[in-house]
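Structural features, examined
Below are the chains, spelled out letter by letter.
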Amino acid sequence: MVKQMGFVFNIDLCIGCKACEIACRNENQTVSAVKWRKVSKLTDDTYLSISCNHCSSPECFRVCPENAFTKRGDGIVQINSNLCTGCGLCISACPFGVPQYDPELHKVSKCQMCYPRQDKGFLPACIEACSTGAIGMENLDNFCSREAVSTIPGFPDSRLTNPSIVFYPAKKRKRYFLN
């Protein structure tokens, strides 16, 4: 069965703690120079946590001369490290800066949405580590929410690759004052 799994990110719930980054690094044992998930500050009180967006039309997939990228039936974009020569074309082609060059292995690697965990019935490590529930995962073929949007300010143009991520944008915060 073909489907498109994707991340769901709620900006109002992210506190920028970077637990997702740490969980990703711990789960995948990446070297210090490689970050498959990154948390960045958008404004004074909002953060964005992104990793590979497992795009519907991934540029990494298109530009790789070794055909190292494949797409699983659940929409997860994988890279076969045995085929990767470390040329870096995928790094420069990805509008989200997702593929990372590993200076120890001289190859490129990226988030694979913890598919080995998912195949065993577990959530990706970043989702499981998020204590506020800011990161989630859905089958985007069936996902429907009136509040969710495909892009937010600060997110690169998504028209080229159609990333598999949806956002709950920041809502105007209510302020309460004591008299």
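Here the structure is a predicted model, which is why all the values come from computation and not from measurement.

Scanning the entire structure with this criterion turns up 2 aromatic pairs. With a centroid separation of 5.0 Å and an interplanar angle of 25 degrees, the aromatic rings of F96 and F155 are classed as stacked. You can see F96 sitting in the loop between α3 (89–93) and β6 (100–102) and its partner F155 sitting in the loop between β8 (135–139) and β9 (165–168), a full 59 residues away along the chain. Relative accessible area serves as the criterion here: at 7%, F155 is assigned to the buried category. Ring-pair connections join several aromatic residues into one group, and the members of that group are F96, F155 and F167.

The strand order β8-β1-β9 describes an open sheet built from 3 strands, whose pairing is mixed. Each end of this open sheet is capped by a strand with a single partner; those strands are β8 and β9. The average angle at which neighbouring strand axes cross in this sheet is 30 degrees, direction not considered. Direction of pairing for strand β1 (residues 5–10) relative to β8: antiparallel, over a ladder of 5 bridges. Counted as the bridge partner of F7 is M137 from β8.

Let us look at unusual backbone geometry. One non-glycine residue, H54, lies in positive phi territory at about 45 degrees. With respect to the helices and strands, H54 occurs in the loop between β3 (46–50) and α2 (59–63). The backbone phi angle of H106 is positive, close to 60 degrees, even though this residue is not glycine. Classification of H106 as partly exposed rests on a relative accessible area of 48%.

Time to look at the side chain of S51. Mapped onto the elements of the fold, S51 is located in the loop between β3 and α2. Polar side-chain contacts of S51 include one of 3.1 Å to the side chain of R37.

One finds F7, F9, L48, I135, F155 and F167 to be the most contacted residues of the largest nonpolar core, which totals 32 residues. Counting only elements with at least two residues in this core, the list comes to β1, α1 (19–28), β3, α5 (125–129), β8 and β9. With near-sequence residues (within four places) excluded, F155 lies in contact with L48, I50, N53, F96, P163, I165 and F167. In this structure, C60, I79, C84 and C90 belong to the second largest nonpolar core, which totals 9 residues.

Cut-offs used in this document
- Residues numbered from 1 in each chain as written.
- Predicted model: local features only at pLDDT ≥ 70, side-chain atom pairs only at ≥ 80, totals over all residues.
- Heavy atoms only, no water.
- Phe/Tyr/Trp six-rings, centres within 6.5 Å; stacked < 30°, edge-to-face > 60°.
- Helix = DSSP H or I, 4+ residues; strand = E, 2+ residues; numbered from the N terminus.
- Buried < 20%, exposed > 50% of the residue type's maximum accessible area, 1.4 Å probe, protein only.
- Pairing = 2+ DSSP bridges.
- Axes fitted to C-alpha atoms, helices over the stretch in contact; angles between N-to-C directions.
- Polar contact = N/O pair within 3.5 Å; in protein donor to acceptor, adjacent residues only side chain to side chain.
- Core = buried A, V, L, I, M, F, W, Y, C linked by side-chain atoms within 4.5 Å.
- Contact = heavy atoms within 4.5 Å.

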